[in-house]
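Tertiary structure, described
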Amino acid sequence: MAGHVPISTGVSAILTVLAATTGAKAVVEVGTLMGASALAFFDGMGKDGILTSIDADAEHQLAARRFLTAAGHPSSRFRLIAGTPLEVLPKLRDGAYDIVFINGDKLEYVEYVAGALRLLRHGGLLIVHDVLWNNTVADPSAEGDETIIIREALEAVTQSESYTQSLLPVGNGLLVAVKH
Ligand SMILES: C[S@@+](CC[C@H](N)C(=O)[O-])C[C@H]1O[C@@H](n2cnc3c(N)ncnc32)[C@H](O)[C@@H]1O
């Protein structure tokens, strides 16, 4: 998992609360890693909640599968897809998801956000992690590739009439947007 940072406990708590308060039954996440965010969603979802999680790294997914199983969640409740989100997201069903959580490759955030709008039901939540990206996103002098792409993804949500959103300064920044 070199270079990949798991979500913080603060972010984990918020994901659990959002899943619980919205009564989420179908969640998609981009970026499985070891399953920390997956577990946070399971802690909030009811017993009938299903998680679809996409990650290009099959080893991460194997670790996440073990972690979720050890935590008592049967594999019938999660669908771990080893693949690139840009290929997998278009295959998921339109308007079928209560939450889409984005925590994958920053350089693909604009495409993930575009895909999420199609996947979410009305009233569903788009949650995007790392939107402050080590405080570079709000720094006009910062011009790293990730920073620029995250700014574009944020702008796509804030300029869209499809969402009402809030940016929470937790972890590396969490954007939470409800789809109208
Ligand atoms: C920040 S970690 C995800 C953290 C995780 N959600 C958690 O709960 O801790 C990012 C993950 O995205 C995956 N990833 C990075 N680039 C990717 C890409 N282009 N396609 C698919 N997955 C990618 C990595 O393998 C890594 O597991």
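Look above for the structure.
Values in this document were obtained by computation on a predicted structure and should not be read as measured data.

Lining the immediate environment of the ligand, one finds 19 residues, of which Pro6, Ala36, Ser37, Ala56 and Asp105 sit closest. When its residues are assigned to classes, the shell around the ligand shows seven nonpolar, eight polar and four charged.

What follows is about the nonpolar core. Of all hydrophobic cores here, the largest spans 51 residues; its most connected members are Val27, Ile99, Val100 and Leu126. If sequence neighbours within four positions are ignored, Leu126 has contacts with Val100, Ala116, Leu120, Val157, Tyr163, Ala177 and Lys179.

Across the six residues that make up strand 2 (residues 50-55), a large majority, five, are buried. Note: strand 1 (residues 26-30) against strand 2, five bridges, orientation parallel. Counted as the bridge partner of Val28 is Thr52 from strand 2. With respect to chirality, the unit in which strand 1 leads through helix 2 (residues 36-44) into the neighbouring parallel strand 2 is right-handed. The pairing of strand 2 with strand 3 (residues 78-82) spans five bridges and is classified as parallel. Bridged to Ser53 within strand 3 is Leu80.

Look at helix 1 (residues 9-22): 20 Å from first C-alpha to last across 14 residues, which is about the 20 Å you get at 1.5 Å a residue. Buried within helix 1 are the following residues: Val11, Ile14, Leu15, Leu18 and Ala19. Projected down its long axis, helix 1 shows its buried positions confined to an angular sector of 130 degrees, all on one face. When the buried face of helix 1 is taken as reference, the exposed residues oriented beyond 90 degrees from it are Thr9 and Thr21. A positive backbone phi angle near 65 degrees is found at Gly23, which sits one or two residues after helix 1.

For the rest of this paragraph, the subject is the packing of helix 5 (residues 109-119) against helix 6 (residues 145-158). The geometry of helix 5 relative to helix 6 is characterised by a closest axis approach of 8 Å and an angle of 20 degrees between their N-to-C directions. As judged from the angle between their axes, helix 5 and helix 6 are roughly parallel. For the crossing formed where helix 5 meets helix 6, the hand is right-handed. The residues of helix 6 that touch helix 5, namely those facing Tyr109, Val110 and Val113, are Ile149, Ile150, Glu152, Ala153, Ala156 and Val157. Grouping the constituent residues of the contact of helix 5 with helix 6 by class yields eight nonpolar, no polar and one charged.

Reading the values: rules and limits
- Residues numbered from 1 in each chain as written.
- Predicted model: local features only at pLDDT ≥ 70, side-chain atom pairs only at ≥ 80, totals over all residues.
- Near = placed C-beta within 6 Å.
- Nonpolar A, V, L, I, M, F, W, Y, C, P; charged D, E, K, R; others polar.
- Core = buried A, V, L, I, M, F, W, Y, C linked by C-beta atoms within 7 Å.
- Buried ≥ 20, exposed ≤ 12 C-beta atoms within 10 Å, placed from the backbone.
- Contact = placed C-beta atoms within 7 Å.
- Helix = DSSP H or I, 4+ residues; strand = E, 2+ residues; numbered from the N terminus.
- Pairing = 2+ DSSP bridges.
- Right-handed = clockwise from strand over helix to strand, strands pointing away.
- Expected span 1.5 Å × (residues − 1).
- Arc of directions from axis to C-beta.
- Axes fitted to C-alpha atoms, helices over the stretch in contact; angles between N-to-C directions.
- Parallel < 35°, antiparallel > 145°, perpendicular 65-115°, else oblique.
- Left-handed = near helix turned anticlockwise from the far one by under 90°.

Function cannot be read off these values alone, since they describe shape.
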